[in-house]
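# Secondary and tertiary structure notes
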Amino acid sequence: VIARAMELLPGCDFTNAYGLTETSSTITVLDPEDHRAAASSADAKIRRRLGSVGRALPSVELQVRGENGAPLEPEDRGEVFVRGEQVSGEYLGQGSRLDADGWFPTRDAGWLDRDGYLFVEGRIDDVIVRGGENLSPGEIEDVLRQHPAVADCAVVGIPSEQWGEAVAAAVVLAPGQRAETAELAEWVRARLRSSRTPERIEFRAELPYTETGKLLRRQVRAELARLPKGTP
C-alpha cells in the first residue's frame, strides 16, 4: 500500500512511527528519506523496510527477546522491549512493569534487521502456537491480502486437539469477486510453509473494528473457535 501511495503521490513525504502510551508515544520512526531509500532500492532486504516502523529514536534503546528473556539475534522474532527516560511502564494500582535494568515489555511481537529497523508483527498474545511453532498472524494476513479477490482478512489461532492451536482466517471478499476456501488455502501454502496454511477459512461481509480502526481480533477468534468447520 505504501509503495503504491508513493508512486501515486510522488510529491508527498511519508512517515511511519511506532509507540505506546506507556512509552510517552513515539519510540521509532521511518522518516521520508528512509521511505525513499527503501522504495528505490533493488535490494529486497532494504526495500522490505517500507513495512517496518523505522529505527529507535536517540533517546531510547530497543531489544527483541526470546521466551527465555535473552536478547535475540537480528532477524529472529520475539517480544519487543524498550528502555529510556521517556518510558513510564507504571500503572495505577499495579506499580511498574520495568525490569531490574529499566526495560519495558511492550507485549508486541517483532524483529530487528541488521541495521536496527524494527518490524512489528502484532501482539504477543495474538501469536499462534501450532505444534510448538510460533506463527505470526500478520505474515499470513499479508499473503492473503495479495490475492486479487481478498479485500480484508483476519488470521487467528483456534483450539486444536492435534496441534494445540490451528490457523483460522476470516476473509472479506472484494466487491464482485469470488474465491473458494481451498483456493485461498493453496494460495497461502504456495507462498509460506504448510504449517502457516489456514485449516479453516470463513467468509464475512465485514470484520469487527474499534472506532479507532483496530481489529477486534479476540472477537474474531471467539467466533471462529465456536463455529463448526465449513459454517458460512
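In the block above lies the structure referred to throughout.
What comes next concerns the included structure. If you're wondering where the values come from, they're calculated on a predicted model, not measured in any experiment.

## A few points about the nonpolar core
One finds Ile140, Leu144, Val155, Val171 and Leu184 to be the most contacted residues of the largest nonpolar core, which totals 19 residues. Mapped by element, the contributors of at least two residues to this core are helix 4 (137-145), strand 12 (150-160), strand 13 (164-173) and helix 5 (181-191). Looking at this core, the element that brings in the most residues is helix 5, giving 4 residues. Other than its neighbours up to four places away in sequence, valine 155 contacts Ile128, Pro137, Ile140, Glu141, Leu144, Val167, Ala168, Ala169 and Arg217. In terms of nonpolar packing, the next biggest core, distinct from the first, is built from 13 residues, Ile27, Val64, Val87 and Phe104 among them.

## Considering the sheet that holds strand 3 (residues 55-56)
If you trace the 3 strands from one edge of the open sheet to the other, you get 1-2-3, paired in antiparallel fashion. Pairing within the sheet leaves two strands with one partner each, and these edge strands are strand 1 (16-20) and strand 3. Bridging between strand 1 and strand 2 (residues 25-30) involves 5 bridges; their strand directions are antiparallel. For tyrosine 18, the partnering residue across the bridge sits in strand 2 and is threonine 28. Against the sheet, helix 2 (residues 32-40) makes contact with strand 1, strand 2 and strand 3, and its axis sits at roughly 35° relative to strand 2, the strand it touches most.

## As for the environment of proline 148
With respect to the helices, strands and loops of the structure, proline 148 is situated in the loop between helix 4 and strand 12. In the structure, proline 148 is positioned 25 residues away from leucine 173 in sequence and 9.0 Å away in space, judged by C-alpha atoms. When neighbours within four sequence positions are excluded, proline 148 is seen to be in contact with Ala174, Gln177 and Trp187.

## Let's talk about the side chain of aspartate 126
Within the element layout of this structure, aspartate 126 appears in the loop between strand 9 (118-123) and strand 10 (128-130). Judged by relative accessible area, aspartate 126 falls into the buried class, the value being 15%.

Calculation notes
- Residues numbered from 1 in each chain as written.
- Predicted model: local features only at pLDDT ≥ 70, side-chain atom pairs only at ≥ 80, totals over all residues.
- Heavy atoms only, no water.
- Core = buried A, V, L, I, M, F, W, Y, C linked by side-chain atoms within 4.5 Å.
- Buried < 20%, exposed > 50% of the residue type's maximum accessible area, 1.4 Å probe, protein only.
- Helix = DSSP H or I, 4+ residues; strand = E, 2+ residues; numbered from the N terminus.
- Contact = heavy atoms within 4.5 Å.
- Pairing = 2+ DSSP bridges.
- Axes fitted to C-alpha atoms, helices over the stretch in contact; angles between N-to-C directions.

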